[in-house]
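# Fold and geometry: a report
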Amino acid sequence: MKKRFLFALAISSLCLSAFAQKVKFTEFDLDNGLHVILHEDKTAPVVAVSVMYHVGSKDEETERTGFAHFFEHLLFEGSKNIKKGDFMKLVSSNGGQNNANTSQDRTFYYELFPSNQLELGLWLESERMLHPVINEVGVERQNEVVKEEKRQRIDNAPYGKFTEKIFQHLFAGHPYRWQPIGSMEHLDAAKLEEFIAFFKKYYVPNNAVLTIAGDLDVEKTKKLVKAYFAEVPKGAPVVRKEYKLPEINKEIIDTAYDANIQIPAIFAAYRVPGMKTRESKVLEMISSILSGGGSSRLSTKMVDEKKTALQVAAFNYSLEDYGAYITLALPNKNTPLNDLLKDIDEEVLRLQTDLISESDYKKLQNKFENDYVSTNSRMLGVAENLAAGYTFHDKDTNDINEELEVIRSITREEIRDVAKKYLNQNQRVVLYYLPKK
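Residue numbers restart at each chain and count upward from 1, following the sequence in its written direction. Where local features are concerned, this predicted model is filtered to residues with pLDDT of at least 70; where side-chain atom pairs are given and counted, the filter is 80 or more; whole-chain, interface and lining totals use all residues. Side-chain figures throughout are based on the complete set of non-hydrogen atoms in the structure, without hydrogens or water.

In this section: the sheet that holds strand β5 (residues 107-114). Strands pair in a sheet through their backbones, by hydrogen bonds, and they do so in one of two ways: parallel or antiparallel. An order of β1-β2-β6-β3-β5-β4 is seen for the six strands of this open sheet, with the pairing classed as mixed. Only two strands of the sheet have a single partner each, and these edge strands are β1 (26-29) and β4 (97-102). When strand polarity is set aside, the average angle formed by the axes of neighbouring strands in this sheet is 15°. A strand pair is defined by DSSP finding two or more bridges across the two strands. Counting from the N terminus, the helices are DSSP H or I runs at least four residues long and the strands are E runs at least two residues long. One ladder, built from six bridges, connects strand β2 (residues 35-40) with strand β6 (residues 208-214); its direction is parallel. If you follow Val 36 over to β6, its bridge partner there is Leu 210. Along the sheet, helix α4 (residues 118-130) makes contact with β3 (46-53), β5 and β6, crossing β5 at roughly 155°. Here an angle of 0 to 180 degrees is reported between the N-to-C directions of two axes, which are lines fitted to C-alpha atoms, with helices fitted over the stretch in contact. Here, two residues are considered to be in contact whenever any of their heavy atoms come within 4.5 Å of each other.

Let us look at the environment of Ser 93. On the secondary structure map, Ser 93 appears in helix α3 (residues 86-93). Each C-alpha atom of the pair Ser 93 and Ile 400 lies 33 Å from the other, and the pair is 307 residues apart in sequence. A distance of 3.4 Å separates the side chain of Ser 93 from the backbone oxygen of Leu 90, its partner in a polar contact. We call two N or O atoms a polar contact when they sit within 3.5 Å, provided that within protein one can donate a hydrogen and the other can accept it, with sequence-adjacent residues counted only if both atoms are side-chain atoms.

Here, nonpolar core refers to any group of buried Ala, Val, Leu, Ile, Met, Phe, Trp, Tyr and Cys residues whose side-chain atoms link them within 4.5 Å. When a residue's accessible area, from a 1.4 Å probe over protein chains only, is under 20% of the maximum for its type it is buried; when over 50% it is exposed; and in between it is partly exposed. Membership of the largest hydrophobic core comes to 51 residues, with the highest contact counts inside it found for Tyr 203, Leu 210 and Ile 212. By size, the runner-up hydrophobic cluster in this structure holds 39 residues, among which are Leu 283, Ile 286, Val 373 and Leu 423.

The interhelical angle for the contact between helix α10 (residues 278-291) and helix α16 (residues 412-422), taken along N-to-C directions, is 95°, at an axis separation of 9 Å. Classified by the angle between their axes, α10 and α16 sit roughly perpendicular to one another. Packed against α10, whose contacting residues are Arg 278, Glu 279, Val 282, Leu 283, Met 285, Ile 286 and Ile 289, the element α16 presents Glu 414, Ile 415, Val 418, Ala 419, Lys 421 and Tyr 422 at the interface. Here roughly perpendicular refers to angles of 65 to 115 degrees, roughly parallel to angles under 35, roughly antiparallel to angles over 145, and oblique to all remaining angles.

What counts as a domain boundary in this text is fixed by an automatic or database domain assignment. Split into domains, the protein comes out as domain 1 (26-230) and domain 2 (252-435). Each of domain 1 and domain 2 has a C-alpha centre, and the two are 28 Å apart. Taken residue by residue, the interface counts 39 residues in domain 1 and 39 residues in domain 2. Between domain 1 and domain 2 lies a buried interface of about 3300 Å² when both sides are counted; carbon and sulfur atoms form 73% of it. By convention, the term buried area covers the 1.4 Å-probe accessible surface removed from two parts as they join, with the contributions of both added. It is Tyr 159, His 169 and Leu 170 that lose the most area in domain 1 upon contact with domain 2, and together they represent 21% of the buried surface on that side. We count a salt bridge whenever a side-chain nitrogen from Lys or Arg sits within 4 Å of a carboxyl oxygen from Asp or Glu. Summed over the shared surface of domain 1 and domain 2, the number is two salt bridges. Across the salt bridge formed by Arg 106 and Glu 384, the nearest N and O atoms sit 3.0 Å from each other. Inspection of the region where domain 1 meets domain 2 yields 15 residue pairs in polar contact (both at pLDDT 80 or more).

This part covers the packing of α3 against α4. Axis separation between α3 and α4 bottoms out at 11 Å; the angle between their running directions is 170°. Between α3 and α4, the angle is such that the two are roughly antiparallel. Remark: the crossing between α3 and α4 carries left-handed chirality. Contacts between α3 and α4 involve Phe 87, Leu 90 and Val 91 from the former and Leu 120, Trp 123, Leu 124, Glu 125 and Arg 128 from the latter. Polar here means any residue outside two lists: the nonpolar Ala, Val, Leu, Ile, Met, Phe, Trp, Tyr, Cys and Pro, and the charged Asp, Glu, Lys and Arg; Gly therefore counts as polar. When the residues that make up the contact of α3 with α4 are grouped by side-chain class, the tally is six nonpolar, no polar and two charged. Helix crossings are classified by the rotation of the near helix relative to the far one: an anticlockwise turn of less than a right angle makes the crossing left-handed, while a clockwise turn makes it right-handed.

In this numbering, the UniProt entry assigns the feature "domain: Peptidase M16 C-terminal" (unreviewed entry) to residues 192-367. Across residues 192-367 one finds 41% helix and 24% strand; the C-alpha atoms that close the span lie 49 Å apart. UniProt positions are given in the numbering used here, feature names are shortened, and annotations may be inferred rather than shown by experiment.

Quick look at the pairing of β2 now. By the criterion of burial, β2 is predominantly enclosed, with five of the six residues buried. Where β1 and β2 come together, four bridges link them in antiparallel fashion. Bridge pairing links Thr 26 to Leu 38 in β2. Hairpin connection of β1 to β2: five residues between the antiparallel strands, including Gly 33 at a positive phi of 95°.

Turning our eyes to something else, we now look at the packing of aromatic side chains. Pairing of aromatic rings covers Phe, Tyr and Trp, the last through its six-membered ring, and needs centres within 6.5 Å; plane angles under 30 degrees mean stacked, over 60 mean edge-to-face, and all others mean tilted. Per the counting criterion, the structure on display carries 22 aromatic pairs. Judged by centre distance (5.7 Å) and plane angle (5°), the rings of Phe 199 and Tyr 203 are stacked. These aromatic residues form a ring-pair network of at least three members: Tyr 53, Phe 67, Phe 70, Phe 71, Phe 76, Phe 87, Tyr 109, Phe 195, Phe 198, Phe 199, Tyr 202 and Tyr 203. Here, a charge over a ring means that NZ of Lys or CZ of Arg falls within 6 Å of the ring centre while also lying within 35 degrees of the ring normal. Arg 128 extends its terminal NZ or CZ atom over the ring of Phe 76, reaching a point 4.5 Å from the ring centre. The positively charged end of Lys 226 is found above the aromatic ring belonging to Phe 28, 5.9 Å away from the centroid.

For the structure shown, the criterion picks out 34 salt bridges. One salt bridge in this structure joins Lys 421 and Glu 279, with 3.5 Å as the shortest N-O distance. Taken together, the residues Lys 421 in helix α16 and Glu 279 in helix α10 connect sequence positions 142 residues apart. Residue Lys 421 is classed as partly exposed on the basis of its relative accessible area of 47%. The shortest N-O distance in the salt bridge between Asp 345 and Arg 428 comes to 2.8 Å. You can see Asp 345 sitting in helix α12 (residues 337-353) and its partner Arg 428 sitting in strand β11 (residues 428-435), a full 83 residues away along the chain. Take Asp 345 and Arg 428: they sit in the same class, and that class is buried. Counted as one network, the salt bridges with shared partners bring together Lys 301, Lys 306, Lys 342, Asp 343, Glu 346, Glu 347 and Arg 350.

Okay, structure coming up:
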């Protein structure tokens, strides 16, 4: 049995090495500043067309929050050449899928099509950039859509406001302190010309990356891109504010009440370096050690052995300027919240003090390599990672290929030292999240 296991492990490692090939890509700029990345992969007759705009909620004004997320919806309203409601119909009737999402740092639109519909995907995204319909009717309609989304995802969702409460403290003085969905009062108060001005400032080719990945011909696709996007006018350079926050050196404690829950929770959050840093990847590894699966340290200790927690988690919320490292637990059998926090703190201290074992280290690296291969085996995953490399890593599109080497080079000592540097009790926000009676 042992020989079979070792053989299977060897085959698995060989397969991983075979799949972890460098992602090849071609990139160029149009005269209007649009950065274009092409990745050719003919293993399946599909193609992903995506546009990443470097605009998120951190680019909003203090009294006009929610604009970036609002535009995620508004730019599906239609264009000069696409009637309202036809965008989705055109995608689905041609065998495609599409969606969009907004973060604090960027907005990402995509279509996934059979490869013979590549040109349709390019036309749709060029229409969104060149001829969007932004009028009072569309703004009012999408305002109601966003309000309903906020009610479902945040206001009426169990534990829906924990990030909002934590980020208010963790990022005081930075736009990360509000959530991408923003304030409904701000959207209600905004005038049409403010929405138009926001579009003209941020949804311009020189603030975007067009990435196409899949079954394509590079030279033909270059010509198609130029045909559809070259006429989009260049916008003014986007000038971003830089924020330098003072260090947190004293534990901040707060309490929130939620009418949607019956079981309380406790959160501890730390401000950590942003996504372009090596330390951010180390913190992802720390998360995996603490709560990545049923055999992780926190799950084994608190859920399985002591049975004090129904759920426990640790994760690195990675953003462009900073990150938030968050731990949380829900009690089992009325375990006091402070007991849960004490157990989590003990495991963090253990990481800060002792090196993880060689076998745990090898398992951790294998997991991250497998995750890397899995993500980059899907055309949409490749498209997003290529765009993110250029957008967030100093225009280094090849970050997609450098990531695997970073994973392999992180040492056990680094894991200990990063935990010791950033996950200290005097550097954190503790949130008691309680049922509202």
